[in-house]
Amino acid sequence: MTALIVAEVTESALAPSTAKALTAALQIGGGVHILVAGKNVGPAAEAAAKLSGVEKVLVADGAAYGHHLAEPLAALIVGLAGGYDAILAPSTSSSKNVLPRVAALLDVAQVSDIIKVVSADTFERPIYAGNAIQTVRSKDAKKVITVRTASFTATGEGGSAAIEAIGAGSDPSVSSFKSEALAKSERPELTAAKIIVSGGRGLASSENFKEYIEPVATRLGAAIGASRAAVDAGYAPNDLQVGQTGKVVAPDLYVAIGISGAIQHLAGMKDSKVIVAINKDEEAPIFQVADYGLVADLFPTLKELDAELAKA
Ligand code: FAD
């Protein structure tokens, strides 16, 4: 049994989510190789080689992989697939673009978003917005799996795997890169943040979102999140959305402010270690998952919290 992990690379660096997918791969058992594909990915390959338990790092460095287009990447992975029993990737926007194509080209059923490895062919994954956990046994000889990173801790360093450059696969040339617009922020990335301060419809405007959520988040060194209602109303940009159709997060501390706690929101944050909720409605479902709840009007409360944090 040998597994290939498709590394998540951000610019030239290895994203922390790769080490979480590695934990899942090691639980499946057998050898683990990591594929690092992109442009100028030397530093990412070196970081991957240091991860504990990795036998080999394959590096495909070339312009064709620079923008993570699904078509050339999938062709590369399918070209390598003969040597592997399982192909895994952290469940990210990029892998959600690439791995289904790999699974289709290999004619196997992808197992998406696993939260637990039961055995080499059996996995748990959430369904119905996390309200039920499905146990899936895959009979495919080659498994294609995405790993929900909030459910696995990262494997640490301690390895010294061989790094092997591989030639580029043939580019099907059916897509080409035009442009990308990346949201730039000084704050921690939402899915990697240790603290998230999240605002909902209760904020009532984008001005309030800025005035009340941002200072508290800044003082806590936190990322900012939002409910879908807040995003749909234009209070916050959509890359901040947490939930079933947004990002899945599991920080050490999640502060939900003016968020009712709909199941689709809970699906994205209920694995947070400590949940704090501020809501003026004591019946709000968010209080059912909160470790600490404050029934209060968020506006004066956040001003007070900001003033107290300023003293700390
Ligand atoms: P509301 O439910 O309107 O709650 C606002 C809360 O603010 C209330 O509890 C209210 O008491 C409180 N409040 C108001 N004013 C104050 C105040 N002054 N002080 C304190 N509290 C106050 N939602 C997501 O978040 N993420 C998703 O990914 C997502 N995906 C979805 C996918 C599907 C297929 C569907 C159907 C829905 C999805 N939703 C998602 C929407 C979800 O069902 C809810 O509509 C949404 O989460 C509600 O957002 P909210 O809690 O901000 O708003």
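It should be noted that the structure appears before, not after, this text.
Predicted model only: the values in this text are computed from it and were never measured. (Residues numbered from 1 in each chain as written. Predicted model: local features only at pLDDT ≥ 70, side-chain atom pairs only at ≥ 80, totals over all residues. Heavy atoms only, no water.)

Q: Got a sec to walk through the layout of surface pockets? Specific residues and values, please.
A: Volume-wise, the second largest pocket comes out at about 250 Å³. What lines the second largest pocket is a set of 18 residues, and nearest its centre among them are Ser 227, Ala 229, Ile 259, Ser 260 and Ala 262. When grouped by side-chain class, the residues that make up the lining of the second largest pocket number four nonpolar, twelve polar and two charged. (1 Å grid on protein atoms, 1.4 Å probe; cavity = no way out; pocket = protein on both sides within 12 Å on 5 of 7 lines; lining within 4 Å. Points joined across faces, edges and corners; volume = space filled by probe spheres on them. Nonpolar A, V, L, I, M, F, W, Y, C, P; charged D, E, K, R; others polar.)

Q: Describe the packing of aromatic side chains, naming the residues involved and giving the relevant values.
A: Per the stated rule, a full pass over the model turns up one aromatic pair. Their ring planes at 75 degrees and their centres at 4.9 Å tell us that Tyr 212 and Phe 299 sit as a pair that is edge-to-face. Residue Tyr 212 is found in helix H5 (residues 206-220), and its partner Phe 299 is found in helix H9 (residues 298-311); the two are separated by 87 residues along the sequence. Using a relative accessible area of 14% as the deciding quantity, one classes Tyr 212 as buried. Geometry around Tyr 212 places Lys 303 over its ring, the cationic atom sitting 4.7 Å from the centre. (Phe/Tyr/Trp six-rings, centres within 6.5 Å; stacked < 30°, edge-to-face > 60°. Helix = DSSP H or I, 4+ residues; strand = E, 2+ residues; numbered from the N terminus. Buried < 20%, exposed > 50% of the residue type's maximum accessible area, 1.4 Å probe, protein only. Lys NZ or Arg CZ within 6 Å of the ring centre and 35° of its normal.)

Q: Please provide a residue-by-residue account of H9, values included.
A: Relative to the 20 Å expected for 14 residues at 1.5 Å per residue, H9 spans 20 Å between its end C-alpha atoms, a close match to the ideal helical length. All buried positions along H9 are accounted for by Leu 298, Thr 301, Leu 302 and Asp 306. Seen from one end, H9 has its buried residues packed into an arc of 135 degrees, which puts them on one side. For H9, exposure combined with an orientation more than 90 degrees from the buried face picks out Glu 304 and Lys 311. For H9, the secondary structure elements touched by its buried residues are H5, strand S15 (253-257), strand S16 (274-279) and strand S17 (292-295). At the N-terminal boundary of H9, the capping side chain belongs to Asp 297, with an oxygen 3.1 Å from the backbone nitrogen of Phe 299. (Expected span 1.5 Å × (residues − 1). Arc of directions from axis to C-beta. Contact = heavy atoms within 4.5 Å. Polar contact = N/O pair within 3.5 Å; in protein donor to acceptor, adjacent residues only side chain to side chain.)

Q: I'd like to hear about the site of the ligand, residue by residue, with values.
A: As a matter of local geometry, the ligand sits amid 25 residues, with Arg 201, Ser 227, Thr 245, Ser 260 and Asn 279 nearest to it. Take His 265: an N or O atom from its side chain is 2.8 Å from an oxygen atom of the ligand. For the ligand, whose unbound accessible area comes to 980 Å², protein coverage reaches 76%. Its residues assigned to classes, the shell around the ligand comprises seven nonpolar, 13 polar and five charged. (Near = heavy atom within 4 Å. Areas by Shrake-Rupley, 256 points an atom, 1.4 Å probe, with all protein chains shown as cover.)

Q: Account for the nonpolar core, with residues named and values stated.
A: Grouped together as the largest cluster of nonpolar side chains are 33 residues, with contacts concentrated most on Val 36, Val 57, Leu 88 and Ile 114. Counting residues per element, this core draws most heavily on helix H1 (residues 17-28), which supplies six residues. When sequence neighbours within four positions are dropped, the list of residues in contact with Ile 114 reads Ala 24, Phe 123, Glu 124, Arg 125, Ile 145, Thr 146, Val 147, Arg 148 and Phe 152. (Core = buried A, V, L, I, M, F, W, Y, C linked by side-chain atoms within 4.5 Å.)

Q: Run through the side chain of His 33, naming residues and quoting values.
A: Tracing the chain through its elements places His 33 in strand S4 (residues 31-38). In this view, His 33 contacts Thr 2, Ala 3, Leu 4, Ile 5, Glu 55, Lys 56 and Tyr 84; residues no more than four positions away in its chain are not counted.

Q: Tell me about helix H2 (residues 42-49), residues and numbers included.
A: Helical geometry: 3.6 residues make up each α-helical turn, so side chains three or four residues apart lie on a common side. If you check which residues of H2 are buried, you get Ala 44, Ala 45, Ala 48 and Ala 49. Buried residues of H2 fall within an arc of 135 degrees about the axis and therefore sit on the same side. Buried positions along H2 lie against strand S2 (9-10), strand S3 (13-14), S4, strand S5 (56-61) and strand S12 (162-165).

Q: Which residues make up the environment of Tyr 84, and what values do they have?
A: Inspection of the secondary structure puts Tyr 84 in the loop between helix H3 (70-80) and strand S6 (86-90). Taking the C-alpha atoms as reference, Tyr 84 lies 16 Å from Val 59; in sequence the two are 25 residues apart. Separated by 2.7 Å, the side chains of Tyr 84 and His 33 make a polar contact.

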